[in-house]
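So you can see what is in the structure, the chains are spelled out below.
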Amino acid sequence: MRIGHGYDVHKLAKGRKLILGGVDVPYNLGLLGHSDADVLVHAIMDALLGAAGLGDIGKHFPDTDPKYKNISSLKLLGHVCRILKEKNYEIENIDATIIAQSPKLSSYIDKMKSNISSACKISLEQINIKATTEEGLGFTGENRGISAHAVCLIN
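In this text the structure is predicted, and so the values were computed from the model without any measurement. Counting of residues starts from 1 at the beginning of each chain's written sequence and follows it residue by residue. Where local features are concerned, this predicted model is filtered to residues with pLDDT of at least 70; where side-chain atom pairs are given and counted, the filter is 80 or more; whole-chain, interface and lining totals use all residues. To get the side-chain values, take all heavy atoms of the structure and skip hydrogens and water.

Asker: When you look at the side chain of Ser-35 in this model, what are you seeing that I'm missing?
Answerer: Going along the chain from the N terminus, every DSSP run of H or I of four or more residues is numbered as a helix, and every run of E of two or more is numbered as a strand. Checked against the element boundaries, Ser-35 lands in the loop between strand E4 (30–31) and helix H1 (39–51). The term polar contact refers here to a pair of N or O atoms within 3.5 Å; inside protein, the definition further demands a hydrogen-donor-capable atom paired with an acceptor-capable atom, and it admits residues adjacent in sequence only when both atoms are side-chain atoms. Among the polar contacts listed, one links the side chain of Ser-35 to the side chain of His-42, at a separation of 3.3 Å. Apart from residues no more than four positions distant in its own chain, Ser-35 is found in contact with Arg-16, His-42, Tyr-68, Asn-70, Ile-71 and Ser-73. By definition, residues are in contact when any of their heavy atoms lie within 4.5 Å.

Here is the structure:
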């Protein structure tokens, strides 16, 4: 058994979609980044890659490579899961937390879980996603960005 931890953060900006867990969340701001800037999926990918000792998403999907410009992070997650499978690893579970002052995300979590389940080819029961605020503190609490933490267990 191996444990991995991932963390990601992106700045909120006008003129971008807010994509979290592959869900287009209606909001007046989106996350700034080279890809779709899905902090939740990025944190999960880093947790999985870390657990397998395979580096991080920057190593596998550099933000200097134009082929990853505006790409769906779910596609990248599918690729990471295929790499794990090739290395004979199986995902036991993923637990993640999104940190955002707004918007409220509870009504989108089931779809996020479904998207991640499909990308990783694992059951919904192996995925847990939570959302929390920082009570107005820090850059997420001041609504300047959104971050996510993820931990995973692979075997």
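Asker: Mind showing me how you'd approach helix H3 (residues 73–86) here?
Answerer: Structurally, the α-helix is built with 3.6 residues per turn, so residues lying three or four positions apart point the same way. A helix is expected to span 1.5 Å for every residue after the first. Between the first and last C-alpha of H3 there are 20 Å, a value that for 14 residues agrees with the 20 Å anticipated at 1.5 Å per step. Elements in contact with the buried residues of H3: H1, helix H2 (57–60), strand E5 (91–99) and helix H4 (109–120). Immediately beyond the C-terminal end of H3, within one or two residues, lies Asn-88, with a positive phi of roughly 65°.

Asker: Even after reading the chapter, I still don't get the sheet that holds E4, so can you show me in this structure?
Answerer: Working definition: the strands of a sheet are paired by backbone hydrogen bonds and lie parallel or antiparallel to each other. On the basis of which strands lie adjacent, the open sheet formed by five strands has the order E4-E1-E7-E5-E6 and mixed pairing. Looking at the sheet topology across the chains shown, the edges are occupied by E4 and strand E6 (127–132). Taken together, the ten bridges between strand E1 (residues 2–13) and strand E7 (residues 145–154) define a ladder with antiparallel strand orientation. Within the sheet, the bridge partner assigned to His-10 lies in E7 and is Ile-146. Angles shown run from 0 to 180 degrees and are taken between the N-to-C directions of axes, each axis being a line fitted to C-alpha atoms and, for helices, limited to the stretch in contact. Relative to E1, H1 is tilted by about 155°, and along the sheet it contacts E1, E4, E5, E6 and E7. Packing against the sheet, H4 makes contact with E5 and E6, and its axis sits at approximately 145° to E6. Should DSSP find at least two bridges between two strands, the strands are taken to pair.

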